[in-house]
Amino acid sequence: GAGVSQSPSNKVTEKGKDVELRCDPISGHTALYWYRQSLGQGLEFLIYFQGNSAPDKSGLPSDRFSAERTGGSVSTLTIQRTQQEDSAVYLCASSFGTGYNSPLHFGNGTRLTVT
Amino acid sequence: AQSVSQHNHHVILSEAASLELGCNYSYGGTVNLFWYVQYPGQHLQLLLKYFSGDPLVKGIKGFEAEFIKSKFSFNLRKPSVQWSDTAEYFCAVGPLRNTDKLIFGTGTRLQVFP
């Protein structure tokens with residue numbers, strides 16, 4: 001079956017521009033995560049959606065970052081006024097969501113390069 | 001706040017050598033523990049997980065991990081590594097409540113030479 005789909009796979013943007021990254025989770029998965037993977041930094045938690053609960057935004061690094069999840073499915077991560085330090089691979093993951101009996105399923109990520 | 005520490009950032013081994021990757025976590029409650037693996041060019045995938053019961057858990061490809069509660073550790077082991085085990089390994093911790101997020105360590109890059 002279809003896994004977690006992220007688009008675009010690669011994005012090159014100029015400093016100061018806004019970007020939108022999209023994540024299509026596995027159908028029926030109620031939990032959705034965004035992580036950022038930078039060289040030497042491991043996986044940095046950004047934001048977590050669980051069902052209809054208010055999202056956990058505690059990992060967003062600045063107010064230039066925001067995310068939404070429409071209809072409990074597709075999610076968009078938006079970075080405004082991009083900076084060079086935003087360059088990283090942005091990973092989306094989803095899970096069935098009741099506790100941790102379902103592992104996270106990761107997408108292939110979006111590689112963002114800010115020039 | 002919960003946190004995960006992986007002290008080995010880069011490990012280089014020859015085939016057939018034994019492997020142990022360290023993982024320590026900080027959280028004041030019952031946790032679920034995971035190891036994820038990212039092979040070159042592939043997405044992250046679950047290697048093994050601990051929820052409760054036997055603290056020695058076995059995963060895919062001959063990997064195992066032992067949960068030692070008193071040491072807040074969940075080290076990953078494999079008796080004899082193969083070249084195909086070359087990958088990045090991430091330890092992760094998640095509290096029991098399903099409203100809480102999964103936190104990952106910084107990862108350990110394993111290179112196995114034939």
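Everything quoted here is computed from the prediction, not taken from an experiment.

**Describing the layout of surface pockets**
Vacant regions in the atomic arrangement are exposed by a probe of water-molecule size rolled over the atoms. As a volume, the largest pocket reaches approximately 760 Å³. Counting residues per element, the ones that place at least two in the lining of the largest pocket are strand E4 (31–38) and strand E8 (88–95) of chain A together with strand E10 (87–95) and strand E12 (108–113) of chain B. Split by residue class, the lining of the largest pocket holds nine nonpolar, 17 polar and three charged. In terms of lining residues, the second largest pocket is bounded by Tyr25, Tyr27, Gly29, Thr30, Val31, Tyr50, Phe51, Ser52, Phe67, Lys69 and Phe72 of chain B. Residues belonging to the lining of the second largest pocket are distributed by class as follows: seven nonpolar, three polar and one charged.

**Regarding the nonpolar core**
Formed by 48 residues in total, the largest nonpolar core has its most connected members in Tyr35 of chain A together with Trp35, Tyr36, Tyr89 and Phe104 of chain B. Not counting chain neighbours up to four residues away, the residues in contact with Tyr36 of chain B comprise Pro103, Leu104 and Phe106 of chain A together with Leu44, Gln45, Leu46, Leu47, Glu88, Tyr89, Phe90, Leu102 and Phe104 of chain B. Of all hydrophobic cores here, the second largest spans 20 residues; its members include Cys23, Phe49, Ala67 and Cys92 of chain A.

**Some words on the side chain of Asp85 of chain B**
All names here are of chain B. By the element assignment, Asp85 lies in the loop between strand E9 (73–78) and E10. Its relative accessible area of 1% is what places Asp85 among the buried residues. Here Gln82 takes part through its backbone nitrogen, which lies 2.8 Å from a polar atom of the side chain of Asp85.

**A short note on the state of the cysteines**
Taken as a whole and assessed by the stated rule, the structure comprises two disulfides over all chains. The disulfide partner of Cys23 of chain A is Cys92 of chain A, and the gap between their sulfur atoms is 1.9 Å. The sign of the S-S torsion, about -65°, decides the handedness of the disulfide formed by Cys23 of chain A and Cys92 of chain A: left-handed. With Cys23 of chain A in strand E3 (residues 19–24) and Cys92 of chain A in strand E8, the pair connects residues that are 69 residues apart, well separated along the chain. Of the two residues, Cys23 of chain A and Cys92 of chain A, both sit in the buried class. Between the sulfur atoms of Cys23 of chain B and its disulfide partner Cys91 of chain B the distance amounts to 1.9 Å.

**A word on the sheet that holds strand E1 (residues 5–7) of chain A**
Strands belonging to one sheet form pairs held by backbone hydrogen bonds; the direction of such a pair is parallel or antiparallel. Residues and elements named next belong to chain A. Spatially, the four strands line up as an open sheet ordered E1-E3-E7-E6, and their pairing is antiparallel. With one partner strand each, in any of the chains shown, E1 and strand E6 (65–69) form the two edges of the open sheet. Between one strand axis and the next, the sheet turns by 15° as a mean value, whatever way the strands run. With three bridges joining them, E1 and E3 adopt antiparallel strand pairing. In the sheet register, Gln6 faces E3, and the bridge partner there is Cys23.

**A few points about the packing of aromatic side chains**
With the rule as written, the count across this model stands at 15 aromatic pairs over all chains. Taking the centre distance of 5.9 Å and the plane angle of 75° together, the rings of Phe106 of chain A and Phe104 of chain B count as edge-to-face. Taken together, the residues span two chains, with Phe106 of chain A in strand E9 (residues 105–106) and Phe104 of chain B in strand E11 (residues 103–104). On the basis of relative accessibility, which here comes to 4%, the residue Phe106 of chain A falls in the buried class. For Phe104 of chain B, a relative accessible area of 6% corresponds to the buried category. Here the aromatic residues Tyr33, Tyr35, Phe45, Tyr48 and Phe106 of chain A together with Phe34, Tyr36, Phe51 and Phe104 of chain B are joined through ring pairs into a cluster of three or more.

**Describing the pairing of strand E5 (residues 31–38) of chain B**
All names here are of chain B. E5 sits mainly inside the fold: eight of its eight residues count as buried. Residues Val31, Leu33, Trp35 and Val37 point to one face of E5 and Asn32, Phe34, Tyr36 and Gln38 to the other, with burial holding for every one of them. With five bridges connecting them, E5 and strand E6 (residues 45–50) associate as antiparallel partners. Across the sheet, the residue bridging to Tyr36 is Leu46, located in E6. Between E5 and E6, which pair antiparallel and follow one another directly, the connecting turn spans six residues, one of which, Gly41, has a positive phi of 75°.

How each quantity is defined
Residues numbered from 1 in each chain as written. Chains lettered and ligands numbered in written order. Predicted model: local features only at pLDDT ≥ 70, side-chain atom pairs only at ≥ 80, totals over all residues. Heavy atoms only, no water. 1 Å grid on protein atoms, 1.4 Å probe; cavity = no way out; pocket = protein on both sides within 12 Å on 5 of 7 lines; lining within 4 Å. Points joined across faces, edges and corners; volume = space filled by probe spheres on them. Helix = DSSP H or I, 4+ residues; strand = E, 2+ residues; numbered from the N terminus. Nonpolar A, V, L, I, M, F, W, Y, C, P; charged D, E, K, R; others polar. Core = buried A, V, L, I, M, F, W, Y, C linked by side-chain atoms within 4.5 Å. Buried < 20%, exposed > 50% of the residue type's maximum accessible area, 1.4 Å probe, protein only. Contact = heavy atoms within 4.5 Å. Polar contact = N/O pair within 3.5 Å; in protein donor to acceptor, adjacent residues only side chain to side chain. Disulfide = S-S within 2.5 Å. Pairing = 2+ DSSP bridges. Axes fitted to C-alpha atoms, helices over the stretch in contact; angles between N-to-C directions. Phe/Tyr/Trp six-rings, centres within 6.5 Å; stacked < 30°, edge-to-face > 60°.

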